[in-house]
Amino acid sequence: MLAQSQPAAVGESSSAALLRVADLRKSFPIKGGLFGRAQAHVKAVDGISFDVRTGETLGIVGESGCGKSTLARLLIQLIEPDTGTIALDGSPMAAGSAALRVLRRQIQMVFQDSYASLNPRLTIEDSITFGLKANGTDRIEAKHRAHAVLDMVGLAPDMFAQRYPHELSGGQRQRVNIARALALGPRLLILDEAVSALDKSVEAQVLNQLQELKQRLDLTYIFISHDLNVVQYISDRVLVMYLGKAIEVGPVQRIYNAPLHPYTRGLLSSRLSMDPRRRVSAAPLSGDPPNPIDPPSGCRFRTRCPIAEPLCAQREPGLVAAGDSHIVACHAQHSGSGHSLAAQA
Amino acid sequence: MPNLALDDLRAPPTGLRPRSRSFWQTVGRRLARDPVTLTCAAVLLLILLAAIFAPLIAPHDPYRTSMARRLLAVGDHRHWLGTDELGRDLLSRLIYGGRMSLFMGFMPVVLATIIGGTLGVIAGYAGGALNMAIMRLFDIFYAFPSVLLAVAISGVLGAGLVNSLVSLTLVFIPPVARVAESVTTQIRNQDYVEAARATGAASWRIVTGHVLSNVTGPILIYASSLISVSIVIASGLSFLGLGVVPPEPEWGLMLNTLRQAIYIAPLNAILPGVMIFITSMCSNLISDGLRGAMDVKV
């Protein structure tokens, strides 16, 4: 297979990669039959490589079911990858290693469902101090820290520390979740659809607060969302996922203004314009993503691609640089690939 | 996007804050407003207190037989609830009998809840092979009806208080474990448990800090419904001669020995049965009340 994931190209010339993910794969068995043997495998994350630079916000977009949430769970070590490595600041995060305990504190996550991610039986304070106590902070110090992070997210500790999750609004609960994630002093925060469930005005407030916190605490974000507008607003770089693979990575302006992959184009054109004179002109995406149990041969997007050619069924396009730290996995963009739209080498 | 002032989001001053109640406080308040549960609790408490202070309350010696006063009718001026087939005071025996019957109702359930609950939570949280091993082992117990199982185990171990306690506990462990396992499996996949795991906390810490607080409610509801079953099966064991040994007063055993008198003094004969009925009925209604009170979105 030609140019099947090239970490060198993905890594680019960046000097300060906080998180480096290389060829990460995770598939889930579908069990069936009398003895519960694996009948097939869903390839949720199928060979993804990328860097997250210190201090940036990397937006990850894609349709539902493309593996975004599995990727997030892999990154915070909730599930173990089948193959591939995750390195934080150059130290690999391997299951069972003594360093993992220290490393995983540095990556924390905010989940989508603000209600399900708080224990209904615990007060806000107890929810936040749990992780601290588990990591050896004594009770009084943990309490001070909890109050400090609550204050940071704009919730007065006097008001909220002793309350229960059901007494809070969705926005307040999501702030508590952010506070809990911040309590451990992480360097990287994964926001998995963290604002998707909030209504628009609250969403804007939380987004602004996230921006403010990032400045104040020198945080790095991975912002996972299906909402293209929100990703555009908050991200420095964007990674587009399709069926468990990264198909285009680049700076936010490049991705939004000059997308190269036909999938990215389709995704962006599916957005509604605020201007009635700007009608959707590009061919919209049609159909559903193919079954991840048995993805199409060659390029996975070819079944829905407006510019697919026989070549696309034969060879899988690798991620190749397309100038200015922009990389794309599409034969039409790779010179010399043989695609009729590609520049001839 | 304009930066919205964060101060706007801060809630009003502390003085206006409503008092937060924990889940258990809420459940307690709801139970306190439920007349059926309160009545049943009062009746059970009365029976319990009577059993505990039996020597002070009982009008007669429960062991003293009298051939001349056999099967006196209910309402006798000396023996208010009559006498049994050996002339022993029935009221005194019912009061004393409560000791053994209540003990056999509660103790096996308490033990089974602790043991079965622990095993179920472990199986549910660990999942995988350990879950399979524990739960399949318990499935074997499900092949037999609970009464038959209790009779069989008691039969093997022999009659006696400790043996029937052991057999009843063994009978109740599998169903409690199954409830605990299924609730734990649900809780384990909640986001807050995942968030706790992401902090790097040890499993025991997550179980004690996050899982137990959410599984105790459902387990307690189920366990409370077992108390009446336990009383009935324990009485059944005694009735069959596998539980408490005569002349010890125990409701099930009394029911057995008074059985021959059912045509002569039917009222006397059914009195122990009435006590069993009242006790199990009350514990069942309390269980229902508990279920209702805990069915709150907190």
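In this text the structure is predicted, and so the values were computed from the model without any measurement.

What counts, and where the lines are drawn
- Residues numbered from 1 in each chain as written.
- Chains lettered and ligands numbered in written order.
- Predicted model: local features only at pLDDT ≥ 70, side-chain atom pairs only at ≥ 80, totals over all residues.
- Heavy atoms only, no water.
- Helix = DSSP H or I, 4+ residues; strand = E, 2+ residues; numbered from the N terminus.
- Buried < 20%, exposed > 50% of the residue type's maximum accessible area, 1.4 Å probe, protein only.
- Contact = heavy atoms within 4.5 Å.
- Areas by Shrake-Rupley, 256 points an atom, 1.4 Å probe, with all protein chains shown as cover.
- Axes fitted to C-alpha atoms, helices over the stretch in contact; angles between N-to-C directions.
- Parallel < 35°, antiparallel > 145°, perpendicular 65-115°, else oblique.
- Left-handed = near helix turned anticlockwise from the far one by under 90°.
- Nonpolar A, V, L, I, M, F, W, Y, C, P; charged D, E, K, R; others polar.
- Expected span 1.5 Å × (residues − 1).
- Patch = residues over 30% accessible without salt bridge, like charges linked within 9 Å, V, L, I, M, F, W, Y side chains within 5 Å.
- Salt bridge = Lys/Arg side-chain N within 4 Å of Asp/Glu carboxyl O.
- Lys, Arg positive; Asp, Glu negative; His and termini not counted.
- Charge placed at Lys NZ, Arg CZ, Asp CG, Glu CD.
- Pairing = 2+ DSSP bridges.
- pLDDT = per-residue confidence, 0-100.
- Phe/Tyr/Trp six-rings, centres within 6.5 Å; stacked < 30°, edge-to-face > 60°.

Looking only at helices and strands, chain A features 12 helices and 12 strands. Of all 345 residues assigned to chain A, the portion counted as buried reaches 55%. Within chain A, contacts between residues at least 6 apart in sequence are counted, and of these 65% link residues at least 24 apart. When the accessible surface of chain A is totalled, it reaches about 14500 Å², and 51% of it is carbon and sulfur.

The next thing to look at is the overall build of chain B. A tally of helices and strands in chain B yields 11 helices and 0 strands. When the helices and strands of chain B are placed in sequence order, the string is α-α-α-α-α-α-α-α-α-α-α. Along the first, second and third principal axes, the C-alpha set of chain B runs to 100 × 50 × 30 Å. In chain B, which comprises 298 residues, the proportion classed as buried is 47%.

This next bit is on the packing of helix 7 (residues 170–183) of chain A against helix 8 (residues 200–217) of chain A. All names here are of chain A. Between helix 7 and helix 8, the shortest axis-to-axis distance is 10 Å and the interhelical angle comes to 20°. Relative to helix 8, the element helix 7 is oriented roughly parallel. In this structure, the crossing between helix 7 and helix 8 has a hand that is right-handed. Across from Gly171, Arg175, Ile178 and Leu182 in helix 7, the residues of helix 8 making contact are Val202, Gln205, Val206, Gln209, Leu210, Leu213 and Leu217. Classifying every residue of the contact of helix 7 with helix 8 by side-chain character gives 7 nonpolar, 3 polar and 1 charged.

Residues and elements named next belong to chain A. Here helix 7 contains 14 residues, and its C-alpha end-to-end distance of 20 Å stays within 8% of the 20 Å for a straight helix at 1.5 Å per residue. Counting buried positions over the 14 residues of helix 7 gives 13, a clear majority of the element. Phi turns positive one or two residues past the end of helix 7, at glycine 185, with a value near 65°.

So, about a positive patch on the surface. All names here are of chain B. A surface patch of positive charge is lined by Arg21, Arg29, Arg30 and Arg33. Its location among the elements puts arginine 33 in the loop between helix 1 (23–32) and helix 2 (35–52). For arginine 33, a relative accessible area of 59% translates into the label exposed.

Below, the discussion takes up the sheet that holds strand 1 (residues 17–32) of chain A. The strands that make up a sheet pair up through hydrogen bonds in the backbone, lying either parallel or antiparallel. All names here are of chain A. Strands sit in the order 2-1-4-5 across an open sheet of 4 strands; the sheet is antiparallel. Taken across any chain shown, the strands that pair with only one partner, and hence form the sheet edges, are strand 2 (37–53) and strand 5 (91–92). In this sheet, strand 4 (residues 83–88) lies alongside strand 1 in antiparallel orientation, the contact comprising 5 bridges. Within the sheet, the bridge partner assigned to alanine 22 lies in strand 4 and is threonine 85.

Residues and elements named next belong to chain A. One non-glycine residue, glutamine 77, adopts positive backbone phi at about 65°. For glutamine 77, the position within the fold is in the loop between helix 2 (68–75) and strand 4. The backbone of aspartate 89 sits at a positive phi, close to 55°, despite the residue not being glycine. For aspartate 89, the position within the fold is in the loop between strand 4 and strand 5. Note on aspartate 89: relative accessible area 44%, which makes it partly exposed.

In this section: the confidence of the model for chain B. Residues and elements named next belong to chain B. Residues with a pLDDT of 70 or more make up 93% of chain B, whose mean pLDDT is 85. A low-confidence stretch, residues 1–16 stays under pLDDT 50, and its non-local contacts, those more than four residues away or across chains, total 22 contacts. In the predicted complex, the global pTM is 0.81; the interface-specific ipTM is 0.82.

Here we come to the pattern of salt bridges. Pairing is possible between side chains of opposite charge, provided their charged atoms come close. Tallied over the full model, the rule gives 21 salt bridges over all chains. The partner of arginine 73 of chain A in a salt bridge is aspartate 192 of chain A, and the shortest N-O contact between them spans 4.0 Å. Here arginine 73 of chain A is found in helix 2, whereas its partner aspartate 192 of chain A is found in strand 7 (residues 188–192), with 119 residues between them in sequence. Through salt bridges that share partners, Arg73 and Asp192 of chain A together with Asp191, Glu194 and Arg197 of chain B make up one connected network.

Right, let's get into the packing of aromatic side chains. Residue and element names in this part refer to chain A. Inspection of every chain in the model, using the stated rule, returns 4 aromatic pairs over all chains. Their ring planes at 55° and their centres at 4.5 Å tell us that tyrosine 242 and tyrosine 263 sit as a pair that is tilted. Here tyrosine 263 lies in helix 11 (residues 262–269) and tyrosine 242 lies in strand 9 (residues 237–242), a separation of 21 residues in the sequence. On the basis of an interplanar angle of 85° and a centroid distance of 5.1 Å, the ring pair of tyrosine 242 and phenylalanine 301 is categorised as edge-to-face. Of this pair, tyrosine 242 sits in strand 9 while phenylalanine 301 is found in the loop between helix 11 and helix 12 (310–314), placing the two residues 59 residues apart along the sequence.

Another point: the packing of helix 1 of chain B against helix 11 (residues 266–294) of chain B. Residues and elements named next belong to chain B. As a packed pair, helix 1 and helix 11 sit with axes 9 Å apart at the nearest point and diverge in direction by 130°. Overall, the two elements helix 1 and helix 11 adopt an arrangement that is oblique. Relative to helix 11, helix 1 is oriented so that their crossing is right-handed. Residues Phe23, Trp24, Val27, Arg30 and Leu31 of helix 1 form the contact with helix 11, whose own contacting residues are Gly289, Leu290, Gly292, Ala293 and Met294.

This part is about the pairing of strand 4 of chain A. Residues and elements named next belong to chain A. Pairing of strand 4 with strand 5, which is carried by 2 bridges, proceeds in the antiparallel orientation. Bridged to alanine 87 within strand 5 is proline 92. Connecting the antiparallel pair strand 4 and strand 5 is a turn made up of 2 residues, with aspartate 89 showing a positive phi of about 55°.

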